[in-house]
2 protein chains.
Amino acid sequence: MGDLYVGVDGGGSHTRARLRDASGRRLGEGRASGSNLELGIPVARAAVLAAIDGALREAGLGPQDYRRLHAGLALASAELPECYHAFLAEPLPFAEVRLTSDAFGACLGAFGGEEGAILIAGTGSVGLIYQGGRVRTCSGRGFPISDLGSGAWLGLRALQSALLSHDGILPPSVLATRLLHHFGGDQAQVVAWASHAIPADYGRFAPWVLEAAQDGDALAIALRGEAIAALSTLVGGLIQMGAPYIALLGGVGQALAGALTAQYPDHLVEPAADAMEGALLFIQHKELPCLHP
Amino acid sequence: MGDLYVGVDGGGSHTRARLRDASGRRLGEGRASGSNLELGIPVARAAVLAAIDGALREAGLGPQDYRRLHAGLALASAELPECYHAFLAEPLPFAEVRLTSDAFGACLGAFGGEEGAILIAGTGSVGLIYQGGRVRTCSGRGFPISDLGSGAWLGLRALQSALLSHDGILPPSVLATRLLHHFGGDQAQVVAWASHAIPADYGRFAPWVLEAAQDGDALAIALRGEAIAALSTLVGGLIQMGAPYIALLGGVGQALAGALTAQYPDHLVEPAADAMEGALLFIQHKELPCLHP
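Calculation notes
Residues numbered from 1 in each chain as written. Chains lettered and ligands numbered in written order. Predicted model: local features only at pLDDT ≥ 70, side-chain atom pairs only at ≥ 80, totals over all residues. Heavy atoms only, no water. Least-squares fit on C-alpha atoms with pLDDT ≥ 70 in both. Contact = heavy atoms within 4.5 Å. Helix = DSSP H or I, 4+ residues; strand = E, 2+ residues; numbered from the N terminus. Expected span 1.5 Å × (residues − 1). Buried < 20%, exposed > 50% of the residue type's maximum accessible area, 1.4 Å probe, protein only. Buried area = accessible area lost by both parts, 1.4 Å probe. Salt bridge = Lys/Arg side-chain N within 4 Å of Asp/Glu carboxyl O. Nonpolar A, V, L, I, M, F, W, Y, C, P; charged D, E, K, R; others polar. Pairing = 2+ DSSP bridges. Axes fitted to C-alpha atoms, helices over the stretch in contact; angles between N-to-C directions. Parallel < 35°, antiparallel > 145°, perpendicular 65-115°, else oblique. Left-handed = near helix turned anticlockwise from the far one by under 90°.

(A) Structural detail: the relation of the copies chain A and chain B. With an RMSD of 0.1 Å, the fit of chain A onto chain B corresponds to turning through 180° and sliding 0.1 Å along the axis. Here the transformation between the copies is reduced to the relation of a two-fold axis. Minimal C-alpha separation from the rotation axis in chain A is found for Pro 144 of chain A, amounting to 4.3 Å. Of the residues that chain A buries at the interface, 100% are likewise interface residues in chain B, meaning the two copies contact each other through the same surface.

(B) Summary view of helix α9 (residues 218-240) of chain B. All names here are of chain B. Taking 1.5 Å as the rise per residue, α9 with 23 residues should run 33 Å; its terminal C-alpha atoms sit 32 Å apart, in good agreement. Where α9 is concerned, the buried positions are Leu 219, Ala 220, Leu 223, Ala 227, Ile 228, Ala 230, Leu 231, Ser 232, Leu 234, Val 235, Gly 237 and Leu 238. Just downstream of α9, Gly 242 is the residue with a positive phi angle, here 110°.

(C) Expanded view of the interface of chain A and chain B. In this complex, chain A contributes 26 residues to the contact, which on the side of chain B involves 28 residues. Of all residues in chain A, Arg 141, Ile 145 and Ile 169 of chain A give up the largest surface area on contact with chain B, accounting jointly for 32% of the area buried on that side. Viewed at the interface, chain B and chain A are joined by two salt bridges. The partner of Asp 167 of chain B in a salt bridge is Arg 141 of chain A, with the nearest N and O atoms 2.5 Å apart. Counting residues per element, the side of chain A that touches chain B draws most heavily on helix α4 (residues 151-167) of chain A, at eight residues. Residue composition of the side of chain A that touches chain B, by class: 16 nonpolar, seven polar and three charged.

(D) Representation of the sheet that holds strand β8 (residues 134-139) of chain B in the model. All names here are of chain B. Here we have five strands laid out as an open sheet, ordered β8-β7-β6-β9-β10, and mixed in their pairing. Every other strand in the sheet has two partners, leaving β8 and β10 (268-269) as the edge strands with one partner each. Sheet topology note: the strand β6 (residues 116-121)/strand β7 (residues 125-131) ladder contains six bridges and is antiparallel. Along β7, the bridge assignment pairs Leu 119 with Gly 127.

(E) Seen up close, unusual backbone geometry. Residue and element names in this part refer to chain A. Geometrically, the link from Phe 143 to Pro 144 is a cis peptide bond, its omega value of 5° lying close to zero. Considering the arrangement of structural elements, one finds Pro 144 in the loop between β8 (134-139) and α4. Although it is not a glycine, Ser 77 adopts a positive phi angle of roughly 80°. By the secondary structure assignment, Ser 77 is in the loop between β4 (69-75) and α2 (81-88). Located in the positive-phi region is Asp 147, a residue other than glycine, with phi close to 65°.

(F) Representation of the packing of α4 of chain A against helix α5 (residues 174-182) of chain A in the model. Residue and element names in this part refer to chain A. Closest axis-to-axis distance for the α4/α5 pair is 9 Å, and the angle between their directions is 95°. As the angle between them shows, α4 and α5 are arranged roughly perpendicular. Listed contacts from α5 to Ala 158, Leu 159, Ala 162, Leu 163, Ser 165 and His 166 of α4 are Leu 175, Ala 176, Leu 179 and Leu 180. Here the contact of α4 with α5 is built from residues that sort into eight nonpolar, two polar and no charged.

(G) Up close: the packing of helix α8 (residues 206-214) of chain B against α9 of chain B. Residues and elements named next belong to chain B. Taken N-terminus to C-terminus, the directions of α8 and α9 make an angle of 120°; their axes are 7 Å apart at the nearest point. Comparing their axes, α9 and α8 come out oblique. For the pair α8 and α9, the crossing hand works out as left-handed. Only Ala 220, Ile 221, Leu 223 and Arg 224 of α9 make contact with α8, whose side of the interface consists of Val 209, Leu 210, Ala 212, Ala 213 and Gln 214. Counted by class, the contact of α8 with α9 contains seven nonpolar, one polar and one charged residues.

Laid out in structure tokens, this is it:
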């Protein structure tokens, strides 16, 4: 009955766990709802346990194997000291637990535990540099004050532009027509919706922009250009801050990786592996820096 | 004891009234807090009365002269049918009352009652065209979904950029330093502030941008350029929609009038008079269109 290793990647809406044995053999995976620590420690703790239970189940194992488990947890908001300490104050029933942020987990996965940098552009956007044994982040403070080039930001720009097209100020556009049609063709419904929309609501329209841009819609192409410019500013900033290599992650980041790599061919690289692998590296390599030593 | 005419211009934070006699002689002015109809009908009604009372007082008159008064009211949100009808359902004690929106009042003032168009860029931004006896508006649906080029929008862009400068992603900037300093040099305070900031809060930083741009700060100049581009799109849209002449109003509009007039020398004109004069014209010329006939 040897040691088991589990890597957990937890964000706002999903938690994923991957189980390996001491030789590195993949035994199983599990999923659960979000474990961003800002959802509340009990919520995050339950989601982490549920995802790990799923991975154990797939491996033909169960709670009786908890004490064999070395768990690396890469959870959103673990970069906040109060969240980090509150989570670890309620220990899990495993042999060992080590906690870091989902962004650092993603960076470790992308660079196989070596130093590097990532730019995540999903619903939000955030840059992280791991260099000289130190972890720094930039941008990523939430929408609308930050997170430029993110899905939420792209969705907002699309709706702003769709309303201007509806008014006749911007030319007609397939994207604008689709967006207005989604709101029953009634601009007042867009306004009512916006009064209580959260970033994820805006972000849902980002794929609409990217799709319409591929179909040749001029407005969508212009908005995609704006997103590329915003992410290019962040990539350029990360390089300026000393990042040697940068992996682009997240749905929007992946979709725009081609255009950005053309701009920074010497700096942008493909991620080696995902954040679950990063979390596995984090529990196996104690020399990797702790965010709150 | 002849007829008296009062023109009232009411927005979200201020209400202003100007009193004239039948020969057009200016008798007095009064001020009160906001009378945007969305603040609630009783609130708006009280502010309108207070502003008119102030104008009567300055003229050596008082409530005994109410029945001599013909009141033209140009109040924000009167373009919304439900607000318009709710306000008029509780009549004022004057000889006559006629209600329209602050934007149409501003347009009538700017063009001396003739047809024309305005672009107001203050905390928000909105375009209005009065042409062929018909009034149409564009943009102006609130921040952040609309109101591009407005003070709120410019303030948001400034704070977004200040955070990127703080991170080292954008170059150092006097404007960025000033903004961070306002928040005690602590980016976390900006984030906390943003979580409950309303458009007027963002708009308060727009003059900081325009001032720093005049002082030659590169970031501020770039942001001013963005605002000019956004307002230029709106001006171009109004021309496209058939507006022959456009007056630029509002603090941001006035500040950027020079740059925009250089782009549209044949279309941008100085306003002839203010919205109180527009409201006076509205009560004196019954042929001027009612927003909700």
